[in-house]
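Structure at a glance
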Amino acid sequence: MAGETGTDGGGGRGGSQIFAPGLLSGQVALVTGGGTGLGRETALEFARCGAFATIAGRRSEVLDEAVARIEAEVAGVDGAGVVDSVSGDVRERDGAD
């Protein structure tokens, strides 16, 4: 549908529809809960804007899938950032180290 964005909405491929290309170039973002929902969409927008986005979550398989989806979304976008993941439970000190 026209105006839909994101990995689930279809039509969301490409650069940001809101922010200027490269707006976050050289910046780093850590997104907790980045494997699904709003966290994944936030990481996607950061990557579209040129940031190095790291998504964190408890389930590595979910994070791996999210990274692959985000990479596919920003493939070929000039100035797109990079996305990576780290698995852990930030609610517990040992999981956040």
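Residues numbered from 1 in each chain as written. Predicted model: local features only at pLDDT ≥ 70, side-chain atom pairs only at ≥ 80, totals over all residues. Heavy atoms only, no water.

Regarding the overall build of the protein
When its secondary structure is counted, the protein shows three helices and three strands. Order of helices (α) and strands (β) in the protein, N terminus to C terminus: β-α-β-α-β-α. Residues counted as buried form 37% of the 97 residues belonging to the protein. For the protein, the proportion of contacts with a sequence separation of at least 24, taken over those separated by at least 6, is 67%. (Helix = DSSP H or I, 4+ residues; strand = E, 2+ residues; numbered from the N terminus. Buried < 20%, exposed > 50% of the residue type's maximum accessible area, 1.4 Å probe, protein only. Contact = heavy atoms within 4.5 Å.)

Thoughts on the pairing of strand β1 (residues 28-32)
Within a regular strand, the side chains alternate between the two sheet faces. Burial along β1 is one-sided: Ala29 and Val31 are buried, and none of Val28, Leu30 and Thr32, which face the opposite way, are. Where β1 and strand β2 (residues 52-57) come together, five bridges link them in parallel fashion. Considered in β2, the bridge of Thr32 is made with Ala56. Each parallel crossover has a hand, and the one from β1 via helix α1 (residues 37-48) to β2 is right-handed. (Pairing = 2+ DSSP bridges. Right-handed = clockwise from strand over helix to strand, strands pointing away.)

Examining the pairing of β2
Most of β2 is tucked away, with five of its six residues classed as buried. Alignment of β2 against strand β3 (residues 82-87), held across six bridges, turns out to be parallel. Directly across from Gly57, in β3, lies its bridge partner Ser87.

Things to note about the pattern of salt bridges
Enumeration over the complete set of coordinates arrives at five salt bridges. A salt bridge links Arg40 to Glu41, with the shortest nitrogen-to-oxygen separation between them at 3.9 Å. Its salt-bridge partner being Arg48, residue Glu73 comes within 3.5 Å of it at the nearest N-O pair. A residue pair is termed long-range when its members are at least 10 positions apart, and Glu73 in helix α2 (residues 60-74) and Arg48 in helix α1 qualify at 25 residues. (Salt bridge = Lys/Arg side-chain N within 4 Å of Asp/Glu carboxyl O.)

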